[in-house]
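Structure at a glance
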Amino acid sequence: MLLFISNFFTNAISILAVADETSSADITNIKFDKDHYEAIIHYTLKNNEDSLLISANDFDSINQKALEKELGPKNIRINTKDRNIEVNLQKNKTGQFKINVLKSDHTILSISDQNKNDLITKELIIEDNLANPPPSSNTEATGSDIPPATEGIDPNITKDTPEEEDLRANEADTAWIRSRNLRISKGPTLKHNDGKITVPFIYFGDYNYAKMNMRIAAAYEQDESGGGRIDSLTAPNFCLVTAPEGTKLEPDSNFSSETTHIFGHNFGDAQMKDGKQGSNGTFVTTDIHNIDTPTDRKHHPSMAGPDKFGTTIGMLRIPQLFYRIDPKTGMEEQKMVFQQRYIKRNRTYGIETSIIQRFDFSGEVFTDINYKNIGDVEFDDFIGFAFHDLTLTKDYGQIKNEKGINIGDYAPMRSLGNNRGFYMQSDNVESRINFHMDLENSPSAWATRTITKSHHEFKGFTNAGGGLSIVFGTILQAKFTGNPWKHSMHDQYHDKRYKPGSVPEKMFNAFYYDSDPGDKGFDPGAGKRLGKLHKKKESDKTKYISENEPLWDSGITMHTEHQTLEVGDSVKLSYSRTVDLNRENFAPVNYLDQRDTDDNPDIINNDTSEYKLSGAWYDFDSNDVDLYVSFDNDNFESAKQIESYNQKDEEKVAGVPHDWETNLDLTDKDPGKHRVYIWFKDKEGNVSIVDKTVIYLPQKATEAPQIKIINPESTETTPFIPNTEIFKVDGIWNDKDSKTIKSIKYSLDNEKELFINTNLKNPGNNNNVKWELSKFNMSKIGDTRIHKLKVTIEDAEKHQGSDILYFKRSPGAFEIVAPEYIDFGQQILAGEDSPHLHPKFDQKVEVNDYRQKTSVPLKVFVKMSEFESVDSKNLKVPHSVYLDDQLKSNDVFLGETQSPNDDNNMTCTDFTKKVKEGICIVFRCDGNAKTGSFTSEWTWIAQDVP
């Protein structure tokens, strides 16, 4: 009996019991009505307390009159100085009451007891938007959630190691929860003027398998044809569902009926009616195959898809899926992580790829890909790839015209204009997919060509005389280049509209070599077909394809820059997508070029009195539109009309995008952060979805240097509340006349100052310079008091300026750090039990306790499930558990944590040695034949119940 015991994951779970002698509060039933949030505050006061204190990040947003009506005017006292409301609850020490708060971008409500001890702080997010929210006591530790502190000049800054990197710098991995099954996550519900709603849903692989919640281990297996895997797990997919207003659309809803329709855009995704499943034309990979099968020409590296079987250059092991609630939107996002590895002459080349899918409030879906070198040697010629095989679908089949002919593929791909990206729409203009390629970390190159499969492998280039290149495993080709550098694939299309060959003559499929940008930077103009023709003459090197050229199999190839990737380093690739449906009373669609955020606003020069906005708009049923803009108010009624535009009838029917730009007057705007909201309204009164960008207006430079903290935002009465141990602080500085800035320092609570920068050159001329405290570590702060992080700048003339960040920790927190997976290796049970096996893992098992020193020690357990086959839940292998050579049940008590010993410090208890050396597993031979991989779920529990 041959067993492979490996690759199972562990959950980290914290259970918190609130003692009876303390007051408590909770904020629930959050709803949104027109312009305000409504919530219910549940409370229990201890015997000697009579009141609660209510505050918010915007104190004036609390509806005081509604609170007086709810509880009575005599029970409400406004504390103007402290910016809070005292609520007298003497007559009812246990109960609940309603509260109303005006909506803003970030609405945070805090409840404290009468002694100002924080009971709960919560960002108001509409709970209906949370698709399958995880229990608040459940988290998933990935093994590098809390980076270790480093020694040196600054004990509060940890070294900027790759393990601490995340695609979104200020958010920790501790919020991610691992799922062993595929899942669907719901985006925002958008209302339209025709009485219908649309909702986007994200998932990985084929919608059909995600809807079934297929086990990832099963989707990873080889399909019946033997060509690839059952599902392309690295395919970042989403669908758009439309239904009459009032229809409840959830991940488990039926998305096909007379009134409800589902639209997709990737081949083999939600396309079951056509017999196409698995989405194997959409995937993410790298050129690690070039280590295994080196190209004969450096600038044409070899490439293999992640679903190539029988080698670790495809995937090292079963990929891992995670999900969490995005703290910025309250909607669920997903992350798929997989590894590729090749060992050559005792050197390990390894890449870990993380793919994140997330929503914004407009329904746009963002894809962020992070490629990280996890090998032990630098990767000299690294390229990361992403492919989408495009097919527009409706109700699980390719879109058809009135005659029943497929019109969702072999469609022209057209420019959004100004190098924004491209779009593709069906001939009947029913559905349209837009790819936005102008984000931060946009692809180094992208081209609307090259269709391949996730299990294919290609040698990049074979020298003449070197024989034939085997590219599909079965088809021999006389061409010497492989995808995506290939000139043509010689596919024989049966449709007479198309010439043989995947692209027209003199076009490359998709890149000439690794430095060829493809369609990036070669924009023929909005609405024009994309496609760059290569000529022999240097003077005529590029020419755009004409409307009369043959069509080709629709798709997009993108890749990172060809570069050396050092051990531990990462490179990112990001793009976004939207789907538009042509409907009655169609509202204009806008693409805004400025996409600056609260975390990263556009810093406006001091001598600038105007702000340039630009973008593109289109409308399927109206010739005339107006542009509206509002500052710091997302209500359309507050917006002002500032421009008008029009289009021709033929442009309207085709949905051609039109460039626009305008200048906004800033002369009456105060220094600081401002949010700019943009709408388009057509002559029929239909209003577009709102777009937003964020700007920051600095103060003008003076003789004394000035420094400002832009992120995080805080005031003394509404402190910043981090959700991670390590967070970034950044901002800008300026100085009117000094040539040199002597230093930028910071101090915590007026203690010793530590350097951030020294001897900086001042560019002068009222220029603003960014500064950053990249990783401030607050792990040594264990209390819930408000703390001050003061940043001070000093110039060569010893003039100073400063700014303060106010922050505090949420009370009563503790967390478990546990390994991502544990490996028991390969075992052969030849008629007898296995030996005693110790768990093997690289990460630590520890409990970080931030509670006060009066708290009781935590009891720590690990609970183990049965070892199940990854192929069948009904196939199990029996096992026994030992701790310190004593036979135990599957619930193992590991011990107690150290008692919290300092109000100002975290107490860490390390159980790593106890788990590694104390726990043993023995796999029992029951006489039945079992072969394959078996997994067990381990749940880590910390509780303060005596």
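Rules behind the numbers
- Residues numbered from 1 in each chain as written.
- Predicted model: local features only at pLDDT ≥ 70, side-chain atom pairs only at ≥ 80, totals over all residues.
- Heavy atoms only, no water.
- Helix = DSSP H or I, 4+ residues; strand = E, 2+ residues; numbered from the N terminus.
- Buried < 20%, exposed > 50% of the residue type's maximum accessible area, 1.4 Å probe, protein only.
- Contact = heavy atoms within 4.5 Å.
- Areas by Shrake-Rupley, 256 points an atom, 1.4 Å probe, with all protein chains shown as cover.
- Pairing = 2+ DSSP bridges.
- Axes fitted to C-alpha atoms, helices over the stretch in contact; angles between N-to-C directions.
- Phe/Tyr/Trp six-rings, centres within 6.5 Å; stacked < 30°, edge-to-face > 60°.
- Polar contact = N/O pair within 3.5 Å; in protein donor to acceptor, adjacent residues only side chain to side chain.
- Salt bridge = Lys/Arg side-chain N within 4 Å of Asp/Glu carboxyl O.
- pLDDT = per-residue confidence, 0-100.
- Lys, Arg positive; Asp, Glu negative; His and termini not counted.
- Core = buried A, V, L, I, M, F, W, Y, C linked by side-chain atoms within 4.5 Å.
- Patch = residues over 30% accessible without salt bridge, like charges linked within 9 Å, V, L, I, M, F, W, Y side chains within 5 Å.
- Charge placed at Lys NZ, Arg CZ, Asp CG, Glu CD.

**A word on the overall build of the protein**
Within the protein one finds six helices and 67 strands. Going through the 946 residues of the protein one by one, you find that 54% of them count as buried. Contacts in the protein between residues far apart in sequence, at least 24 positions, make up 72% of those at least 6 positions apart. Carbon and sulfur atoms provide 45% of the accessible area of the protein, an area that totals close to 41300 Å².

**Here we look at the sheet that holds strand S64 (residues 907-910)**
Taking strand neighbours across the sheet as the criterion, the three strands line up as S54-S57-S64 in an open arrangement whose pairing is antiparallel. Unpaired on one side and paired on the other, strand S54 (814-817) and S64 mark the two borders of the sheet. Direction aside, the axes of adjacent strands within the sheet are offset by 15 degrees on average. Where S54 meets strand S57 (residues 846-849), four bridges bridge the pair, whose relative direction is antiparallel.

**What about the packing of aromatic side chains?**
Centre distance and the angle of the planes are the two values used to describe a pair of aromatic rings. Following the criterion strictly, the structure yields 34 aromatic pairs and no others. With centroids separated by 6.0 Å and ring planes inclined at 85 degrees, the aromatic side chains of phenylalanine 824 and phenylalanine 923 adopt a geometry described as edge-to-face. Of this pair, phenylalanine 824 sits in the loop between strand S55 (821-822) and strand S56 (825-828) while phenylalanine 923 sits in strand S65 (residues 919-923), placing them 99 residues apart in sequence. The pair phenylalanine 824 / phenylalanine 923 is uniform in exposure class, with both members buried. The interplanar angle of 50 degrees and the centroid separation of 5.1 Å between the aromatic rings of phenylalanine 861 and phenylalanine 893 together place this pair among those described as tilted. Here phenylalanine 861 is found in strand S58 (residues 859-864), whereas its partner phenylalanine 893 is found in strand S63 (residues 891-896), with 32 residues between them in sequence. Of the residues examined, phenylalanine 893 reaches a relative accessible area of 39% and is grouped as partly exposed.

**Observations concerning the environment of threonine 286**
Relative to the helices and strands, threonine 286 resides in strand S18 (residues 283-286). Sequence separation between threonine 286 and glycine 314 is 28 residues, and the spatial gap between their C-alpha atoms is 9.2 Å. Those residues in contact with threonine 286 that sit more than four places away from it in its chain are Met303, Ala304, Gln340, Ile351, Thr353, Tyr371, Phe382, Ile383, Gly384 and Phe385. At a separation of 3.3 Å, a polar atom in the side chain of threonine 286 contacts the main-chain amide nitrogen of isoleucine 288. Reaching out from threonine 286, the side chain makes a polar contact with the side chain of glutamine 340 at a distance of 2.9 Å.

**Focus on the pairing of strand S53 (residues 800-807)**
Alignment of strand S52 (residues 787-795) against S53, held across eight bridges, turns out to be antiparallel. Note that in S53 the partner of lysine 790 across the bridge is isoleucine 804. Counted between consecutive antiparallel strands, the loop separating S52 from S53 contains four residues, among which lysine 798 sits at a positive phi close to 70 degrees.

**Section: unusual backbone geometry**
In this chain, asparagine 711 is followed by proline 712 through a cis amide linkage whose omega measures -5 degrees. Along the polypeptide, proline 712 turns up in the loop between strand S47 (706-711) and strand S48 (726-734). Located in the positive-phi region is tyrosine 410, a residue other than glycine, with phi close to 50 degrees. You can see tyrosine 410 is positioned in the loop between strand S26 (397-398) and strand S27 (413-415). Phi at aspartate 632 is positive, roughly 60 degrees, even though this residue is not glycine.

**Thoughts on the pattern of salt bridges**
Across all of its chains, the model carries 38 salt bridges by this definition. A salt bridge links lysine 191 to glutamate 245, with the shortest nitrogen-to-oxygen separation between them at 3.7 Å. Separated by 54 residues along the polypeptide, lysine 191 in strand S14 (residues 190-191) and glutamate 245 in the loop between strand S16 (236-244) and strand S17 (261-266) bring together distant segments of the chain. Exposure remark for glutamate 245: the relative accessible area of 45% places this residue in the partly exposed category.

**Comments concerning the environment of lysine 46**
Considering the arrangement of structural elements, one finds lysine 46 in the loop between strand S4 (36-44) and strand S5 (51-56). Under the relative-accessibility criterion, lysine 46 is labelled partly exposed at 27%. Along the primary structure lysine 46 and threonine 94 are separated by 48 residues, whereas in three dimensions their C-alpha atoms are 9.1 Å apart.

**A closer look at the sheet that holds strand S40 (residues 602-603)**
Pairing in this open sheet of five strands is mixed, and the strands run S40-S46-S45-S42-S43 from one edge to the other. Sheet topology places S40 and strand S43 (640-646) at the edges, where each strand pairs with a single neighbour. Two elements, strand S45 (residues 672-682) and strand S46 (residues 691-697), share seven bridges in a ladder whose sense is antiparallel. The residue of S46 that forms the bridge with valine 676 is threonine 693.

**Quick notes on the confidence of the model for the protein**
Summary statistics for the protein give a mean pLDDT of 82 and a share of 83% for residues scoring 70 or more. Low pLDDT (under 50) marks residues 126-174, which in the prediction has 137 contacts with non-local residues, meaning those over four places away or in another chain.

**Thoughts on the side chain of aspartate 803**
Within the element layout of this structure, aspartate 803 appears in strand S53. It is lysine 708 that comes nearest to the buried, bridge-free aspartate 803 among opposite-charge side chains, at 4.8 Å. Looking at aspartate 803, its side chain comes within polar contact range of the main-chain nitrogen of isoleucine 709, at 2.8 Å. In contact with aspartate 803, not counting residues within four places along its chain, are Ile707, Lys708, Ile709, Leu789, Lys790 and Val791.

**Remarks on the pairing of S65**
Of all the five residues making up S65, five are buried; the element is thus mostly covered by neighbouring parts of the structure. Burial along S65 is two-sided: the face carrying Ile919, Ile921 and Phe923 and the face carrying Cys920 and Val922 are both buried. Two strands pair when backbone bridges link them, and strand S61 (residues 879-883) and S65 are joined in this way by five bridges, in the antiparallel orientation. Considered in S65, the bridge of tyrosine 882 is made with cysteine 920.

**Re the nonpolar core**
Counting 71 residues, the largest nonpolar core has Leu182, Tyr207, Phe435 and Met558 as its most contacted members. Sorting elements by how many residues they give to this core places strand S15 (residues 196-204) first, with six residues. Contact partners of phenylalanine 435, with chain neighbours within four places excluded, come to His388, Leu390, Leu416, Arg420, Gly421, Phe422, Ile556, Met558, Tyr575, Ser576 and Arg577. Leu837, Phe867, Leu883 and Ala942 belong to the second largest nonpolar core, which has 28 residues in total.

**With respect to helix H1 (residues 64-71)**
Along an α-helix, residues three or four apart share an orientation, since each turn contains 3.6 residues. Its side-chain oxygen at 3.4 Å from the backbone nitrogen of lysine 65, asparagine 63 defines the N-terminal cap of H1. Trailing H1 by a residue or two, glycine 72 shows a phi angle of about 100 degrees, which is positive.

**Some remarks on a negative patch on the surface**
A cluster of acidic residues, Glu378, Asp380, Glu566 and Asp569, forms a negative patch on the protein surface. Following the sequence through the fold, aspartate 569 ends up in the loop between strand S37 (563-565) and strand S38 (570-581). Residue classification places aspartate 569 among the partly exposed residues on the basis of a relative accessible area of 33%.

**Overview of the environment of asparagine 633**
With respect to the helices and strands, asparagine 633 occurs in the loop between strand S42 (624-631) and S43. For the pair asparagine 633 and arginine 675, spaced 42 residues apart in sequence, the C-alpha to C-alpha distance is 7.7 Å. Setting aside residues up to four positions removed in sequence, asparagine 633 forms contacts with Ser638, Tyr677 and Trp679. For asparagine 633, the side chain forms a polar contact with the main-chain nitrogen of asparagine 635, separated by 3.0 Å.

**Notes on the side chain of histidine 787**
For histidine 787, the position within the fold is in strand S52. Overall, the relative accessible area of 3% leaves histidine 787 in the buried class. Side chain to side chain, histidine 787 and aspartate 749 meet in a polar contact 2.6 Å long. If near-sequence neighbours (up to four positions away) are discounted, histidine 787 is found in contact with Leu748, Asp749, Ile781, Leu805, Tyr806 and Phe807.

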